[in-house]
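Overview (structure and organization)
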Amino acid sequence: GKLMGVLLAGMVAVSLLAGCGGGAAPEKRTIKVGIGLNEQSPQYKGLEKFKEIVERDSKGRIEVQLFASSQLGDDTKMMTALRAGTLEMTCPSTAPISGLDKKWMVFDLPFLFPNEEVADKVLDGPVGQKYLDSLSTQGIKGIAFWENGYRQLTNSKVNVKTPADVKGLKIRTMENPVHLATFRTLGANPTPMPLGELFTSMQQHIVDGQENPLTTIYLQKYYEVQKYTSVTNHFYSPFVFMFSQKIWNTLPKEDQELIARAGKEAGIYQRKTNREMMQEASASLEKAGMVVTRLTPEQAQAFVDATKDIAGQFEAEIGKDNVQEVKAEIAKYSQK
Ligand code: KDG
């Protein structure tokens, strides 16, 4: 009776003391995550999975808040916020990361990855990890590669089947010198612009077209303002799920580990969901009234040939070693 009571009181006192001292009890915290795409996107489904894992495994101690549709700004603005430590997380395409470090342009070279399986192996392997780690010098903690995917060309004017058809089209691109050069080489008139402005720009014919994965074309309702989709697969866009290095450095190790693990796990789910949703997207676009054109092997090859000098043009800026290293990885995993 009495002795038990004293013992219990003592134990409570000890655990309270432990709670106050030396950071033994991790604090409650909130992680905000912003993206450009909307809540229907496979990218957002990945964020929901991340939120589920983090909130479950922290037993509600860490809350994850999600912001879609460029509510917190475009990819570049959100990366700036990460660097400043005013936003925890975002998930840009690799393309705008080249604004921080030019070597990232390597992943956006045209027709680089032969398929998604090889992309997974390269990005999840030691070379991909090296790129993630290198972001720390930019104030960013790279958590994992997710998938935006193969990009396809849409426009309101012509059914594009050959590089010649692209000539003169005003195409919105992401902010990336390789993307701009590729479309210039094809004879287009490329205009970089944040995703948040894209729909209205197409509606008002400020641009004729844009390029994005099929899921984005469908889920962002670009079919309402575009007539033609050509399945060109000209770039493979990885996403990078990333955290503010400044805020990361203040987290206890157990939170860092939980977030890193959840980010990787959610990435596996996100890629799978992305690929599943991609399967349906082409038929959905046709049902919505778009003309979806699959290129013949000869037509597809004409795009590869027309852009074959781009890698060489950017070799110096990216670093010759970096281009060779990524290409060697791709070759290695392509054989198996
Ligand atoms: O959430 C990701 C988007 O902000 C962006 O990276 C998507 O591919 C994209 C684009 O064209 O802007």
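Above this note sits the structure.
Residues numbered from 1 in each chain as written. Predicted model: local features only at pLDDT ≥ 70, side-chain atom pairs only at ≥ 80, totals over all residues. Heavy atoms only, no water.

Moving on, we get to the layout of surface pockets. By volume, the largest pocket is sized at about 230 Å³. Lining the largest pocket, in full, are Glu116, Tyr150, Gln152, Leu214, Val231, Asn233, Arg275, Met278, Gln279, Ser282 and Arg294. Estimated volume of the second largest pocket: approximately 150 Å³. Along its surface, the second largest pocket is lined by Leu109, Pro110, Phe111, Leu112, Val304, Thr307, Lys308, Ala311 and Lys327. A breakdown of the residues in the lining of the second largest pocket according to their chemical character gives six nonpolar, one polar and two charged. (1 Å grid on protein atoms, 1.4 Å probe; cavity = no way out; pocket = protein on both sides within 12 Å on 5 of 7 lines; lining within 4 Å. Points joined across faces, edges and corners; volume = space filled by probe spheres on them. Nonpolar A, V, L, I, M, F, W, Y, C, P; charged D, E, K, R; others polar.)

Our next topic: the site of the ligand. Inspection of the region around the ligand gives 14 residues, with Gln43, Asp75, Ser93, Asn148 and Arg172 positioned closest. Within the side chain of glutamine 43, an N or O atom sits 2.6 Å from an oxygen atom of the ligand. Take serine 93: an N or O atom from its side chain is 2.7 Å from an oxygen atom of the ligand. Compared with its free state, where it exposes 330 Å², the ligand has 97% of that area covered by protein. (Near = heavy atom within 4 Å. Polar contact = N/O pair within 3.5 Å; in protein donor to acceptor, adjacent residues only side chain to side chain. Areas by Shrake-Rupley, 256 points an atom, 1.4 Å probe, with all protein chains shown as cover.)

Attention now goes to empty space enclosed by the protein. Enumeration over the complete set of coordinates arrives at three cavities of 30 Å³ or more. Taken as a whole, the largest cavity spans an internal volume of roughly 270 Å³. For the lining of the largest cavity, a count of residues per class yields nine nonpolar, seven polar and five charged. Volume-wise, the second largest cavity comes out at about 70 Å³. Looking at the second largest cavity, it is lined by 13 residues, and the ones nearest its centre are Leu37, Pro42, Thr215, Thr216 and Asn274. At the level of secondary structure, the elements contributing two or more residues to the lining of the second largest cavity comprise helix H2 (42-57), strand S4 (140-150), helix H9 (214-219) and helix H11 (253-287). Residue contributions to the lining of the second largest cavity peak at three residues, all from H9. For the lining of the second largest cavity, the class distribution of residues is four nonpolar, eight polar and one charged. (Helix = DSSP H or I, 4+ residues; strand = E, 2+ residues; numbered from the N terminus.)

Here is the key point about a regular strand: its side chains alternate between the two faces of the sheet. Burial along strand S9 (residues 228-231) is two-sided: Tyr228 and Ser230 and Thr229 and Val231, pointing in opposite directions, are all buried. With three bridges connecting them, strand S5 (residues 152-155) and S9 associate as antiparallel partners. What sits directly across from asparagine 155, in S9, is tyrosine 228. Judged from the four bridges that link them, S9 and strand S11 (residues 291-294) form a sheet pairing that is parallel. By the bridge assignment for S11, valine 231 is matched with arginine 294. (Buried < 20%, exposed > 50% of the residue type's maximum accessible area, 1.4 Å probe, protein only. Pairing = 2+ DSSP bridges.)

Residues Ile310, Ala311, Phe314 and Ile318 constitute the buried set of helix H13 (residues 310-318). What you see down the axis of H13 is that its buried residues fit within an arc of 80°, all on one side. In the stretch just after H13, glycine 319 is the one whose phi turns positive, near 105°. (Arc of directions from axis to C-beta.)

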